[in-house]
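Analysis of the macromolecular model
Single-letter residue listing:
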Amino acid sequence: MSAALIVVALLLVAVAGTAVVATGDPARQAVTLSAYGVVLALLFLVLQAPDVALSQIAVGTALVPLMVMLTVRKTEK
Amino acid sequence: MSRRTRTAVFGAGAAVLAVLFALAVAGLPPFGNGDHPYRDLAIAAALRQATPNVVSSLTFDLRGLDTLGEEMILLGSVVGAVALLRPRRDETVRNRSRTENNQSVALVAYVFLPLTLLIGFDLLVHGHLTPGGGFQGGVVLATGLHLLYLSGGYDALRRLRPLAWYEWVEGLTTAAFAAAGLIGVRNFLPHGTIQQLFSAGTVPILNILIGFAVGAGAVVLLAQFLTQAIALEDD
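Here goes a summary of the coordinates provided. (Residues numbered from 1 in each chain as written. Chains lettered and ligands numbered in written order. Predicted model: local features only at pLDDT ≥ 70, side-chain atom pairs only at ≥ 80, totals over all residues. Heavy atoms only, no water.)

A few words now on the overall build of chain B. Along its length, chain B carries 9 helices and 2 strands. Scanning chain B from its N terminus toward the C terminus, one meets helices and strands in the order α-α-α-α-β-α-α-α-α-α-β. Here chain B has a C-alpha radius of gyration of 23 Å; the compact-globule value for 235 residues is 18 Å, and the former is much larger. Structurally, chain B occupies a C-alpha span of about 65 × 60 × 40 Å along its principal axes. Buried residues in chain B amount to 39% of all 235 residues. A total accessible area of about 14,100 Å² is found for chain B, and carbon and sulfur atoms account for 68% of it. Averaging the locations of the 16 positively and 16 negatively charged side chains of chain B gives two centres separated by 6 Å. (Helix = DSSP H or I, 4+ residues; strand = E, 2+ residues; numbered from the N terminus. Rg over C-alpha atoms; globule rule 2.2 N^0.38 Å. Buried < 20%, exposed > 50% of the residue type's maximum accessible area, 1.4 Å probe, protein only. Areas by Shrake-Rupley, 256 points an atom, 1.4 Å probe, with all protein chains shown as cover. Lys, Arg positive; Asp, Glu negative; His and termini not counted. Charge placed at Lys NZ, Arg CZ, Asp CG, Glu CD.)

All names here are of chain A. Along the chain, Thr75 falls in helix 3 (residues 50-75). Looking at Thr75, the relative accessible area reads 59%, which means it is exposed. A distance of 3.2 Å separates a polar side-chain atom of Thr75 from the backbone oxygen of Val72. (Polar contact = N/O pair within 3.5 Å; in protein donor to acceptor, adjacent residues only side chain to side chain.)

The terminal C-alpha atoms of helix 4 (residues 64-84) of chain B lie 30 Å apart, and with 21 residues this matches the ideal 30 Å at 1.5 Å per residue to within 8%. On its buried side, helix 4 of chain B packs onto helix 3 (54-62), helix 8 (163-183) and helix 9 (203-231) of chain B. (Expected span 1.5 Å × (residues − 1). Contact = heavy atoms within 4.5 Å.)

Before going further, it helps to examine a nonpolar patch on the surface. Residue and element names in this part refer to chain B. A cluster of nonpolar residues, Leu107, Val108, Tyr110, Val111, Phe112 and Leu115, forms a patch on the protein surface that exposes about 590 Å² of accessible area. With respect to the helices and strands, the residue Tyr110 is situated in helix 5 (residues 103-125). Judged by relative accessible area, which is 51%, Tyr110 ranks as exposed. (Patch = residues over 30% accessible without salt bridge, like charges linked within 9 Å, V, L, I, M, F, W, Y side chains within 5 Å. Salt bridge = Lys/Arg side-chain N within 4 Å of Asp/Glu carboxyl O.)

Once that is clear, we can look at the packing of helix 7 (residues 147-160) of chain B against helix 9 of chain B. Residue and element names in this part refer to chain B. Relative to each other, helix 7 and helix 9 sit at 85 degrees, their axes nearing to 12 Å. With respect to helix 9, the axis of helix 7 lies roughly perpendicular. Residues Tyr149, Tyr154 and Leu157 of helix 7 touch helix 9, and the partners they reach there are Leu226, Thr227, Ile230 and Ala231. Split into classes, the residues belonging to the contact of helix 7 with helix 9 amount to 6 nonpolar, 1 polar and no charged. (Axes fitted to C-alpha atoms, helices over the stretch in contact; angles between N-to-C directions. Parallel < 35°, antiparallel > 145°, perpendicular 65-115°, else oblique. Nonpolar A, V, L, I, M, F, W, Y, C, P; charged D, E, K, R; others polar.)

In this model, the largest pocket occupies a volume close to 1,500 Å³. Surrounding the largest pocket, 46 residues form its lining, Ala49(A), Asp51(A), Val52(A), Val55(B) and Leu58(B) being those nearest its centre. For the lining of the largest pocket, the secondary structure elements donating two or more residues are helix 3 of chain A together with helix 2 (37-48), helix 3, helix 4, helix 6 (134-145) and helix 9 of chain B. Top contributing element to the lining of the largest pocket by residue count: helix 4 of chain B, with 7 residues. Here the lining of the largest pocket is composed, by residue class, of 24 nonpolar, 16 polar and 6 charged. What lines the second largest pocket is a set of 33 residues, among which Thr61(A), Ala62(A), Thr143(B), Leu147(B) and Leu150(B) lie closest to the centre. Contributing elements (two or more residues each) for the lining of the second largest pocket: helix 2 (26-46) and helix 3 of chain A together with helix 5, helix 6 and helix 7 of chain B. Broken down by element, the lining of the second largest pocket gets its largest block of residues, 10 residues, from helix 3 of chain A. The residue makeup of the lining of the second largest pocket, split by class, is 23 nonpolar, 8 polar and 2 charged. (1 Å grid on protein atoms, 1.4 Å probe; cavity = no way out; pocket = protein on both sides within 12 Å on 5 of 7 lines; lining within 4 Å. Points joined across faces, edges and corners; volume = space filled by probe spheres on them.)

Think of interface size as the accessible area that goes away when the parts come together; that is how it is often given. Contacts between chain A and chain B engage 17 residues on the former and 23 residues on the latter. Carbon and sulfur atoms make up 73% of the area that chain A and chain B hide from each other, which totals about 1,700 Å². Looking only at chain A, the three residues that lose the most surface to chain B are Asp51(A), Leu70(A) and Lys74(A), adding up to 31% of its buried area. On inspection of chain A and its partner chain B, the count reaches 0 salt bridges. The interface formed by chain A and chain B contains 6 residue pairs in polar contact (both at pLDDT 80 or more). Looking at the side of chain A that touches chain B element by element, the count peaks at 14 residues for helix 3 of chain A. Residues that form the side of chain A that touches chain B fall into these classes: 11 nonpolar, 2 polar and 4 charged. (Buried area = accessible area lost by both parts, 1.4 Å probe.)

The quantities given are spatial measurements derived from coordinates; they are silent on function.
As structure tokens, then:
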């Protein structure tokens, strides 16, 4: 995989990670976290680790944001 | 501990970490070079076992103990969530939820439910051949099942997801994997022809076992959060 693609993927991860940190409201943060998960999976794919990318999508983009959303719903009741 | 002491403790810890991290990074082989002794050994071992997805061969044939440890971490977190999130004595679990689902969301969920389950089974069954395997397949199956909540509501999910079964599956499959480790099961089955569905000996069997353990574990874990968020009411 070309170095340019790796640099682009790394930059995207840096931008998305910053977006997660900059999101204040936990309910919105679950959404940015989910997007960050997709970008991170892209980086793993570019670095030729498709197994890790799949785990990242399943856990980081679906499971963890869902748990955050449910916790927010419970605590804001 | 005062704010100033906390900052000082954090500063000292961060400084030590920074030095160790810098030393570790300086000692790494250069990024993207072709010299990987561990890779060369692992690929040779995987090919001997007729397992084209080298990661699966690593997971079950070379580093089965690591996989057992990860399985125990999952079991521990599920048991922890069940213990911490159990309903209090003064709370009752409602059998019906009053939430109404958005119709367009329900439609999308109906379409993606069978697709996601299919992808989950595909990842599980072909784990020894293509990227994926027990862990990924299990998590995709568990999250796919929860599309039922988006399409049919909490009642549909609750009826079509007999939680006791998932608790049993999680416990029994983890016990089976631990037992296989204790007896010292090696890849004793015929390895077959590489790239065939029935090949790689015990790897696909263990993949499916781990898939059921991970999938059931994730379902039990999410069920605790769902009960807390949706189905509890104070007496």
